[in-house]
Each structure stands twice: as C-alpha cells, then as structure tokens.
Amino acid sequence: MKTIKMPVWLLVCCLTVFSCKKDDEPENGLPLIKNQIFSTPENTSGNEIIGTVLATDPDDDTLSFTLTTNSNGLFQIKNTGEIRLSSGSLLDYETQNSHALVVSVTDGTDSAKADITISVSDIDENQAPTIASQNFSVAENIDDTATIANIVATDPNNDALSFTITTTQNVFEISDSGVLKLQDGETLDFEGNDTYILNISVSDGSLTSSTDITIQVTDINEAPVFNDASNIDDVLENIDSDHVIGTILASDPEGDVILFSISSDESGLFEVNGNGEISLLAGKQLDYETATSHTLGIQISDASLSTQLDVTIGVIDVDEIAMATVTTLAGSTRGFADGLITQARFDNPRAITVDANGTVYVADTYNHKIRKITASGEVTTLAGSDEGDLNGAGTQAQFSYPQGIAVDADGNVYVSDTNNHKIKKITPSGDVTTFVGGSTSGASNGIGTAARVQFPHGLAFDADGNLLLADYGNHRIRKISPTAVVTTVAGSSQGYVDAIGVNARFYYPRQIGVDNTGIIYVMDSHNHKVRRIDTQRNVTTWAGSIQGDQGGSGSSVAFNYPQGLAVEADGTVFVADTSNEKIKKIATDQVVSDFVGSTLGFLDGTDLNTQFNKPWNITIGPNNIIYVADTNNNRIRKIVRTN
C-alpha cells in the first residue's frame with residue numbers, strides 16, 4: 001500500500017508546481033506615446049533641440065526612439081527623444097512651414113508610434129542686394145552735367161539702396177540712387193583712354209554687394225588744336241622769302257592730316273606751307289618803318305573741323321645806313337710764302353688776333369707757324385718751322401697745329417699749341433717758351449708746366465691781364481694768371497648744362513672773348529651756341545638753340561658749328577658761323593642778324609653780297625676793324641664798318 005501511494009503524490013506535486021509557475025509570470029507592457037506638436041523658428045541651427053518627444057513605459061523599461069517618417073531627412077532624433085536638425089540641414093518658412101514626422105518608440109520588446117508635427121515659424125531675414133556686371137557706352141564729348149548711366153541693382157527685401165564707387169579714380173561720381181556722371185570739370189578723351197572699369201558697391205544699409213561696371217568711350221571727330229605758337233619770334237626787316245619766320249605746331253586728336261592756311265593777313269605779305277612754316281611771299285619784303293608788327297589769322301583744319309589762332313610777328317629794325325665792306329688783307333691760294341698781300345700764302349689759318357697798333361697775328365695752323373701781318377698787308381713769319389714741339393728763337397721753334405692766339409699789352413704773343421697740349425709765349429723778338437702745360441695732356445690745375453690742358457684752342461685777355469682759355473678737349477674754360485697759375489672757371493665733362501662754375505657743361509668750346517665788365521663769352525661749337533659767364537661764374541646761354549641758320553631772338557636763333565667770336569667793349573658779339581659761311585652779329589639785346597657773308601665761296605664786297613669758305617675765327621682791332629681767318633679760302637679778310 002505504501003509503495004503505490006508515494007509516486008502518485010510526487011507526480012501531483014510536480015504538476016502543481018509547473019502549473020502554478022506559468023500562470024503566475026507577469027506580461028510586458030507596451031510603451032505609451034501620444035501625437036505631439038513642436039514649434040521652432042526657421043533659423044534654428046543643428047545644435048538646437050527642436051523638441052523632446054515624451055513616451056512612457058508601464059514596466060519602466062528603457063526606451064529608444066527612431067524616426068520612421070522623416071521630412072526629406074531634415075531631422076534626427078536621439079534615444080532620449082530630442083529632435084534636432086540633421087547635419088547641414090536648414091529650415092525655410094517660405095518653402096515649407098510644417099513637417100510631419102512619425103516617431104517609433106521601443107522598450108526593446110514592443111514598440112509604439114506617434115505622429116509628431118514640427119511647425120516652422122517665420123523669421124524676418126535680411127538678404128544682400130543683387131547687382132550684376134553692366135556695360136555702358138558714352139561719347140567722349142559728354143559734359144559733366146549729363147547722365148552716363150543709371151546703375152541697376154535689386155534687393156530681395158525691397159530695402160532702399162545706396163551706391164558708391166570703390167575704384168580709386170577722379171573722373172566719375174555716382175549718386176546714392178545710382179546715377180553715374182563725370183565729376184565737375186572732368187572730360188573724357190577717346191584717344192587718351194577708351195575704356196574705364198569701375199567697381200560699384202551697393203548697400204541696403206547693412207549688407208553690401210559689388211560688381212565691375214565697364215564704360216566704353218566712343219570716338220568723336222574733334223577739331224585739331226594748336227600745340228604751341230610761342231616760337232613765332234620777332235624777325236629782322238631785311239629777311240627774304242626763304243627765311244622761315246616761325247613754325248605753327250598743331251595736332252589732331254584723331255591723327256588726321258592737318259591743313260594749314262592763313263585766314264587773315266591785312267598786309268598780304270605772308271604764306272604758310274603744309275608744315276606750318278610761316279614765311280614771306282615771294283617778292284615781298286618787311287619794312288620796320290611801315291609796320292613794326294603784323295597779326296595773322298592762322299587756320300588749321302582736318303578737312304572737316306577747323307580752329308583759328310591769331311599770331312603776331314614783330315619786326316626788328318635794321319640800321320639801313322650802316323654798311324660793312326669786306327676786302328682781302330693777305331693770302332690767296334693754299335701754301336706757305338711770306339710777302340705782300342696776295343703774294344703771301346697760308347694753309348688753313350684758324351686763329352687770329354690784333355694788337356693796339358693794328359698788327360695782325362695769325363696761327364697758320366697747317367703750316368705750324370705764327371705769322372705776322374702789318375697794316376699794309378706785308379706777311380712775315382714770327383715763329384715756327386716744321387711740325388714738332390720745340391722752344392727756341394723764331395723759326396727754330398716748332399708747333400703742332402696751333403689753333404689759338406692772343407697778344408698782351410707788351411706785345412707778347414700767346415699761342416695754343418694745340419696738338420702739343422701747351423700754351424706757348426712768343427716775345428716781341430721771337431723767342432718761344434712754354435708758358436703752361438707739360439709733356440702729356442690732362443685737366444689738372446697748377447702752375448706753369450705743372451698744369452695740364454688738352455687740345456687748347458681760343459685765347460683772350462681780360463682787363464686784369466689774365467689769359468682766358470677755351471680748353472677744347474677738356475670741355476672747360478680755364479684762367480691763367482700772369483704768373484701762370486691755372487684754375488678752372490667753368491665746365492667739367494662734355495654736355496650742355498647752364499649752371500654755376502664746374503657744374504656747367506660745354507661741348508668742345510672753340511673760342512673765347514671778354515667785354516669791358518669782365519663778362520666772358522664762349523663759342524660752344526658743338527652745342528651750336530654762344531654761352532655767357534658772368535663774374536660770379538654763372539653760365540647761361542646767350543644765343544643759339546639747335547643747329548641751323550636763323551636770326552632773330554630767343555629760341556628760333558640757330559647757328560651751324562660756329563667756331564669763332566669776338567666781343568666789343570659794350571658786349572656786342574660777332575660770330576664766325578662757320579658752316580653757314582657767315583659772320584653774324586649779336587646785339588646787346590640778344591637779337592641776332594647776318595652781318596656779312598651769304599653762301600660758300602670767295603667774294604669781296606659789301607654786307608651780304610660777300611662770300612666766305614669756312615670763316616673760322618675773328619678779332620676786332622683799332623677803329624673797329626674786324627679781321628677774319630677765312631680758313632678754306634686760305635686768306636685773312638678785313639671788314640671795315642662805315643657806321
């Protein structure tokens with residue numbers, strides 16, 4: 001009985017236990033979530049929480065959230081339920097003001113869903129104005145009151161706009177409303193600049209935008225213009241019709257050919273050629289006593305438009321009574337011979353001087369001798385023989401191409417022994433010694449043979465007995481005291497500069513002269529000018545400009561490799577205008593006129609009815625007689641003035 005009862009009891013107990021355990025285990029509760037609405041402004045950033053979704057779980061299980069419906073992927077949700085914008089996403093009220101999301105919440109076993117609405121609120125956004133590149137075309141003759149362009153720009157917020165030019169310039173201006181004009185007094189010129197690029201900035205008061213605006217300037221035919229009429233200088237009344245009185249300078253903005261004409265000429269004396277050169281009509285003559293000046297109307301035209309200008313030509317009186325007579329004192333054909341007048345022979349005589357008694361001394365350059373001419377025309381040799389460098393008595397001495405000569409009050413003759421780079425002294429008895437210079441050329445100052453010169457040329461004495469030297473090769477003016485002390489008055493290197501002392505520049509000075517006040521005049525040969533040195537060593541240009549053949553005054557005066565000059569006590573200068581074959585006169589008022597000579601040749605006569613062949617040097621003797629070394633004619637000419 002006991003054996004059967006125990007197993008049954010155990011089975012019943014086990015069934016009871018298993019049955020009770022299944023029935024007593026609790027069920028998992030679903031998470032609870034409701035539909036929710038959140039509001040956020042459209043300028044929300046990705047770091048800001050838009051809203052936190054609320055959900056509960058009956059079993060207090062840990063919940064996690066996911067978005068099962070996401071508006072274009074704009075949003076993200078954290079496990080904590082925080083909703084934010086996805087990385088890089090932005091909201092825009094104007095595009096979409098509400099977004100519907102579905103959020104799923106789970107406790108790991110069961111899940112639930114709810115509709116989440118994101119309501120976007122509008123924000124007043126300021127946006128920068130918009131301005132595009134613009135191109136405008138404007139005629140070059142527009143004035144400063146006219147509108148060139150109205151610059152266009154827009155603003156998304158319809159704010160009021162203001163404009164400025166940010167490019168640094170001083171031609172244009174722009175108003176706040178975008179009206180582009182020229183600044184007051186400014187003009188455009190197609191030929192000077194046909195394109196302008198301006199950076200224009202537009203502002204709504206807060207934000208700005210900018211762009212480049214292009215202004216294309218269009219060409220307008222413009223009348224030619226006078227550039228300069230100041231070179232119409234006064235002219236001598238005795239000029240002929242070949243003489244260019246002055247040149248009208250003009251230009252055309254478009255480069256058109258300019259036509260010159262005379263629009264008014266009451267005297268009927270003048271003409272102008274195609275180059276703008278004014279001259280007398282053939283057969284016409286000026287007369288100071290009839291009219292001291294003439295006014296001409298000059299017209300320039302490009303065949304379409306024209307411009308006019310009045311020019312005045314002043315007439316300079318010429319002393320019509322004065323007359324100069326040119327004769328031959330000595331010489332004929334090239335050679336070497338002493339003798340009377342035409343029996344004598346010279347070879348390229350290039351320097352000449354005269355003493356108080358009227359005795360003429362000549363540097364007979366290519367014969368390497370110093371010649372002496374009496375008032376009656378008898379020629380003898382004072383010193384020199386063959387080319388060389390030798391001191392001694394008379395014809396025992398030697399020179400090498402002497403090209404400067406001067407005589408002092410005691411009758412001592414000083415010679416520029418040019419190719420020996422020395423200044424030599426000849427006593428009245430003919431003894432030759434070296435006064436200045438040594439065995440080599442140079443520019444050093446010093447005493448006597450310790451000093452150096454280089455290819456010395458013209459010589460002249462001042463009132464104090466100092467010997468002035470045109471130191472040709474050194475481009476300097478030197479002074480040699482009676483005791484042979486050599487100093488530099490003016491000049492240094494080759495050139496053309498008016499200045500004080502050594503700051504001045506000369507270009508192969510040939511000859512030199514001095515007036516009774518101590519003013520020095522220099523023939524600056526290769527600069528085609530006569531220079532003036534005052535007592536304070538100020539160097540100025542007395543006459544001459546460019547190479548040419550022109551009288552008058554001011555910048556129109558032109559010489560052609562002038563080689564010699566002579567100065568009267570009052571400062572009147574006579575110039576050997578060598579390559580123009582003339583002797584010219586510079587009056588004390590700096591008016592230059594032809595004195596004697598005309599074209600190349602040999603002709604004795606009066607005034608301009610005379611001819612020379614490379615007149616190289618001149619000197620003035622007693623009774624105001626002028627002597628000329630007429631080099632290529634191998635003669636010494638004499639000019640006697642009637643008045």
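Residues numbered from 1 in each chain as written. Predicted model: local features only at pLDDT ≥ 70, side-chain atom pairs only at ≥ 80, totals over all residues. Heavy atoms only, no water.

**Focus: the pairing of strand β7 (residues 82-85)**
No. 1: Summarising the sheet, strand β3 (residues 51-52) and β7 pair through 2 bridges and their orientation is antiparallel. For Thr52, the partnering residue across the bridge sits in β7 and is Glu82.
No. 2: Two strands pair when backbone bridges link them, and strand β6 (residues 75-77) and β7 are joined in this way by 3 bridges, in the antiparallel orientation. Residue pairing across strands places Gln76 opposite Arg84, the latter belonging to β7.
No. 3: The antiparallel hairpin formed by β6 and β7 contains 4 residues in its connecting segment, where Gly81 sits at a positive phi of about 95°. (Pairing = 2+ DSSP bridges. Helix = DSSP H or I, 4+ residues; strand = E, 2+ residues; numbered from the N terminus.)

**Focus on the UniProt feature "repeat: NHL" (unreviewed entry) in the chain**
No. 1: Following the UniProt record, one finds the feature "repeat: NHL" (unreviewed entry) at residues 346-376, 394-429, 454-483 and 548-589.
No. 2: Measuring from the first to the last C-alpha atom of residues 394-429 gives 8 Å, for a span that is 0% helix and 39% strand.
No. 3: Between the C-alpha atoms that bound residues 548-589 the distance is 21 Å, and the span itself is 0% helix and 33% strand. (UniProt positions renumbered as here; feature names shortened; annotations may be inferred.)

**Observations regarding the sheet that holds strand β18 (residues 235-236)**
No. 1: The sheet built from 4 strands is open, its strands ordered β18-β25-β24-β21 with mixed pairing. At either margin of the open sheet sits one strand with a lone partner, and together these are β18 and β21 (259-265).
No. 2: Pairing of β21 with strand β24 (residues 293-301) involves 6 bridges; the strand directions are antiparallel. Its bridge partner lying in β24, Ser261 is registered against Gln299.

**Quick notes on the side chain of His99**
No. 1: Mapping His99 onto the fold places it in strand β8 (residues 98-106).
No. 2: A relative accessible area of 3% places His99 in the buried class.
No. 3: Only 2.8 Å separates the side chain of His99 from the side chain of Ser71, close enough to count as a polar contact.
No. 4: Only 3.2 Å separates the side chain of His99 from the side chain of Gln96, close enough to count as a polar contact.
No. 5: Setting aside residues no more than four positions away along its own chain, His99 makes contact with Ser71, Leu74, Phe75, Leu91, Ile116, Thr117, Ile118 and Val120. (Buried < 20%, exposed > 50% of the residue type's maximum accessible area, 1.4 Å probe, protein only. Polar contact = N/O pair within 3.5 Å; in protein donor to acceptor, adjacent residues only side chain to side chain. Contact = heavy atoms within 4.5 Å.)

**Concerning the pattern of salt bridges**
No. 1: Under the defined criterion, the tally for this structure stands at 18 salt bridges.
No. 2: Between Asp347 and Arg334 there is a salt bridge whose closest N-O contact spans 2.6 Å. One end of the pair, Asp347, is in the loop between β27 (339-340) and β28 (349-354); the other, Arg334, is in the loop between β26 (324-331) and β27, with 13 residues separating them in the sequence.
No. 3: In this structure, the salt-bridge partner of Arg531 is Asp524, at a minimum N-O distance of 2.6 Å. Here the two residues Arg531 and Asp524 agree in accessibility, since each one is buried. (Salt bridge = Lys/Arg side-chain N within 4 Å of Asp/Glu carboxyl O.)

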